[in-house]
Amino acid sequence: MKLFLGFFLIPVVTSCSDLSLPLDCSDIYNQDTSRPSGVYTIYPIGTTSAVQVYCDMESLEGKWTVFQRRMDGSVNFYRPWNQYKLGFGNAAGEYWLGLENVFHLTQRKKSELLIDMEDFEGNKSYVRYTSFCVGPESDGYRLHLTGITNGGAGDSLSHISGQKFSTFDKDQDTWEKNCAQTFIAGFWFSDCHSANPNGVYRWGADNSLYAIGVEWTSWKGRGYSLKAISMKIRPVQ
Ligand SMILES: *[C@@H]1O[C@H](CO)[C@@H](O)[C@H](O)[C@H]1NC(C)=O
Ligand SMILES: [Ca+2]
């Protein structure tokens, strides 16, 4: 009996210590390369940090961990600092993964960034940056971004590299006023933006209020609010 107990205990202990939880969507893919795009659970900060995320397994060879997604206007993105820090929304639809998660993901693995977008007539474009990382909260979740591959969307983001993140209740932009309040979003702003992915969902062209929409100006100019945009990262091979 003692012999059997010992025999059965060993595999249990081994499987606990071997338990490898996926950090991101590239781990999910590497566990099983046939997995489709969809919602999965990842652990960006360790065993107690389970969070649902949408994995894009198709675009440019897949393995992308989506940290921002707009697609139908169902989620309000005008939110305070604490919610941008911890995340909000629904991984099957519109959501923000949370700056603390993105900080940990980009600290643990060198990452690239893909942003793809779509207008209301089905035109699509993207832009890709070869290096993307977000610093710690103690430094305002500062953005670092380099290297661009233009997939038609153009570069509306490089100029905010080096900026801290801002929300309506935490102004860390370089403008005398509050970019997050003025342009109804939380984002990395300077004075203020050429792109406003977390802006107000406005269903297309609308110039009635200046630059508050889900804009990507190097593709659509000012006053066009996109149908869909998503920001996603994956480890650099
Ligand atoms: C979609 O692309 C076509 C062809 O380039 C262009 O004529 C049209 O204006 C675009 N649609 C929008 C909403 O920008
Ligand atoms: Ca300011």
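What you see as residue numbers is a count from 1 along each chain, following the sequence as written. By the order in which they are written, chains take letters starting at A while ligands take numbers starting at 1. Two thresholds apply to this predicted model, a pLDDT of at least 70 for residue-level local features and 80 or more for giving and counting side-chain atom pairs, whereas whole-chain, interface and lining totals are computed over all residues. With hydrogens and water stripped out, all remaining heavy atoms of the structure feed into the side-chain values.

Under an unreviewed UniProt entry, the protein chain has the name Fibrinogen C-terminal domain-containing protein and belongs to Xenotaenia resolanae. UniProt positions are given in the numbering used here, feature names are shortened, and annotations may be inferred rather than shown by experiment. What UniProt states about the protein chain under its Subcellular location (unreviewed entry) heading is, verbatim, "Secreted".

J.: Describe in detail the overall build of the protein chain, supporting the description with residues and values.
T.: Along the protein chain, the regular secondary structure elements total six helices and 13 strands. This radius of gyration counts C-alpha atoms alone. The globule rule is 2.2 Å times how many residues there are, raised to the power 0.38. What you see for the protein chain is a C-alpha radius of gyration of 20 Å, in line with the 18 Å of a compact globule of 237 residues. With the principal axes as the frame, the protein chain shows a C-alpha extent of 80 × 35 × 35 Å. When a residue's accessible area, from a 1.4 Å probe over protein chains only, is under 20% of the maximum for its type it is buried; when over 50% it is exposed; and in between it is partly exposed. For the protein chain, the residues scored as buried account for 49% of the 237 residues in total. For the protein chain, the proportion of contacts with a sequence separation of at least 24, taken over those separated by at least 6, is 53%. With residues, only the protein chains shown are counted as cover, and all accessible areas are computed by Shrake-Rupley using a 1.4 Å probe. Surface summary for the protein chain: the accessible area is close to 11200 Å², and the carbon and sulfur share equals 53%. Neither His nor the chain ends contribute to the count of charged residues, in which Lys and Arg are positive and Asp and Glu negative. Lysine's charge is taken at NZ, arginine's at CZ, aspartate's at CG and glutamate's at CD. Between the averaged position of the 22 positive side-chain charges in the protein chain and that of its 25 negative side-chain charges there is a distance of 4 Å. Strands are runs of DSSP state E lasting at least 2 residues, helices are runs of H or I lasting at least 4, and numbering of each runs from the N terminus. Only heavy atoms matter for contacts: two residues are in contact if any of them lie within 4.5 Å across the pair.

J.: Describe the pattern of salt bridges, and please don't skip the residues or the numbers.
T.: Put simply, a salt bridge is a Lys or Arg side-chain nitrogen that is within 4 Å of an Asp or Glu carboxyl oxygen. Here the structure, examined in full by the defined rule, presents eleven salt bridges. Put simply, D119 and K220 hold a salt bridge, and the shortest N to O gap is 2.6 Å. Here K220 lies in helix α6 (residues 217-220) and D119 lies in the loop between β6 (111-118) and β7 (124-134), a separation of 101 residues in the sequence. Residue classification places D119 among the buried residues on the basis of a relative accessible area of 2%. Look at the salt bridges and you will find they share partners, linking D24, D27 and K109 into a network.

J.: Outline the layout of surface pockets, supporting the account with residue identities and numerical values.
T.: If a probe as big as a water molecule is rolled over the atoms, it shows which places are left empty. Each cavity reported here is a set of points on a 1 Å grid over the protein atoms alone in which a 1.4 Å probe fits but cannot get out, each pocket an open set with protein on both sides within 12 Å along at least five of seven lines, and each lining residue one with an atom within 4 Å of a point. Grid points are joined across faces, edges and corners, and a volume is the space filled by probe spheres set on the points. Size it by volume and the largest pocket reaches roughly 320 Å³. For the lining of the largest pocket, the secondary structure elements donating two or more residues are β2 (51-56), β3 (64-70), β6, β7 and β13 (228-235). Tallying contributions element by element places β13 first for the lining of the largest pocket, with four residues. Its residues placed into classes, the lining of the largest pocket shows six nonpolar, two polar and seven charged. By the convention adopted, Pro, Cys, Tyr, Trp, Phe, Met, Ile, Leu, Val and Ala count as nonpolar, Lys, Arg, Asp and Glu as charged, and the other residues, Gly among them, as polar.

J.: Can you tell me about unusual backbone geometry, naming the residues and giving the values?
T.: If you check the backbone angles, K63 has positive phi at about 70 degrees while not being a glycine. Looking at the secondary structure, you find K63 in the loop between β2 and β3. With a relative accessible area of 18%, K63 lands in the buried category. In the Ramachandran plot, W203 falls in the positive-phi region, its phi being about 55 degrees despite a non-glycine side chain.

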